[in-house]
Every structure is written in C-alpha cells, then in structure tokens.
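Listed below are the residues making up each chain.
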Amino acid sequence: MLEEWVQCYLLFTPKDAPVSYDFMQGEAIYFGVVKFPLRLIQSEGMKLVEAQVEEPNEPAALPPLIIEYEKGKFYSYLQKELFAALKQSKINAFPAVIVLKGTTDYKLFMKHFGTVLFFVDN
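Residues numbered from 1 in each chain as written. Predicted model: local features only at pLDDT ≥ 70, side-chain atom pairs only at ≥ 80, totals over all residues. Heavy atoms only, no water.

Scanning the protein chain from terminus to terminus reveals three helices and five strands. Ordered by position in the sequence, the α and β elements of the protein chain form the string α-β-β-β-α-β-α-β. Here the protein chain holds 122 residues, and 34% of them are scored as buried. Element-wise, carbon and sulfur atoms account for 53% of the exposed surface of the protein chain, whose accessible area totals about 7900 Å². (Helix = DSSP H or I, 4+ residues; strand = E, 2+ residues; numbered from the N terminus. Buried < 20%, exposed > 50% of the residue type's maximum accessible area, 1.4 Å probe, protein only. Areas by Shrake-Rupley, 256 points an atom, 1.4 Å probe, with all protein chains shown as cover.)

Following this line, the structure appears as structure tokens:
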C-alpha cells in the first residue's frame, strides 16, 4: 500500500517530483509511516528557502515526508518546501515513509533504525 501511495503522490504532485528522479527504479523497499526525527535528514547542500507552507491546525492535513535511505544516510529529495517549513517551525519529528533502494540498505537500516522508530497510529 505504501508503494501505491508514493506512486499516486508522485503522479498527482508533479512540482514535488523532479523529472530525473525516479523512486521506482530497481528494487525499492518501503518502510513507514513512522514518526521520523527531522534532524537525521541530510540538509547540507540543500538550500532551505523561505517556505510557503502554513502550519495547519490539524497535522493530518499534510502528507507524510518521503525520505530516501541510502548508504547509511537519510535524504529528502522531494517535498523540499514542506521540509523547510517543518524545520522553520522547529518541529522535531514528523510522519514519514522511508524508501530503501535495495537489500543492502534495508539490512543496514534495520540494524540501526528498525526497532527504534515508532509507527504512526492515526
């Protein structure tokens, strides 16, 4: 179901999905929806511009972040505006879907983070 949601999200929000970036290449594995600490996302080289996203009264009004885990690091290539707004609002953790690019990354992820992230109930 997570894979279908990510595909639909990318299909219907083209401004968030760069043409050259494709989550569906290779053997992607989806992990989530978890409450994810934003401080773990690599932000060097990413310009966090002034965001246009308002913090909603209802957190469920925003989609979860789509985060890629590759070679031991987390990246947010999509939803840069949402990520910037969350950082500016000083939000520590936010629901996220984690995309792993293969079995090697999956094993590394499970070893370090598989048991410490909390799944979002609602």
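Further remarks concern the nonpolar core. If you look at the biggest cluster of nonpolar residues, it comprises 19 residues, and the most contacted ones within it are Phe 36, Leu 65, Phe 74, Ile 98, Phe 109 and Leu 117. Residue assignment for this core shows that the elements contributing at least two residues are strand E1 (29-37), strand E2 (65-70), helix H2 (80-88) and strand E4 (93-100). For this core, the element with the highest residue contribution is E4, accounting for four residues. Not counting the four nearest positions on each side in its chain, Phe 109 is found in contact with Phe 31, Tyr 69, Phe 74, Ile 98, Leu 100, Gly 114 and Leu 117. Counting residues in hydrophobic clusters, the runner-up holds eight residues, among them Tyr 9, Leu 10, Tyr 30 and Leu 78. (Core = buried A, V, L, I, M, F, W, Y, C linked by side-chain atoms within 4.5 Å. Contact = heavy atoms within 4.5 Å.)

This part takes up the sheet that holds E1. Pairing within the open sheet is mixed, and its five strands lie in the order E3-E2-E4-E1-E5. Of all the strands in the sheet, just strand E3 (73-75) and strand E5 (118-119) have a single pairing partner and so form its edges. Judged from the three bridges that link them, E2 and E3 form a sheet pairing that is antiparallel. Bridged to Tyr 69 within E3 is Phe 74. Packed onto the sheet, helix H1 (residues 2-12) meets E1, E2 and E4 and runs at close to 80 degrees relative to E1. (Pairing = 2+ DSSP bridges. Axes fitted to C-alpha atoms, helices over the stretch in contact; angles between N-to-C directions.)

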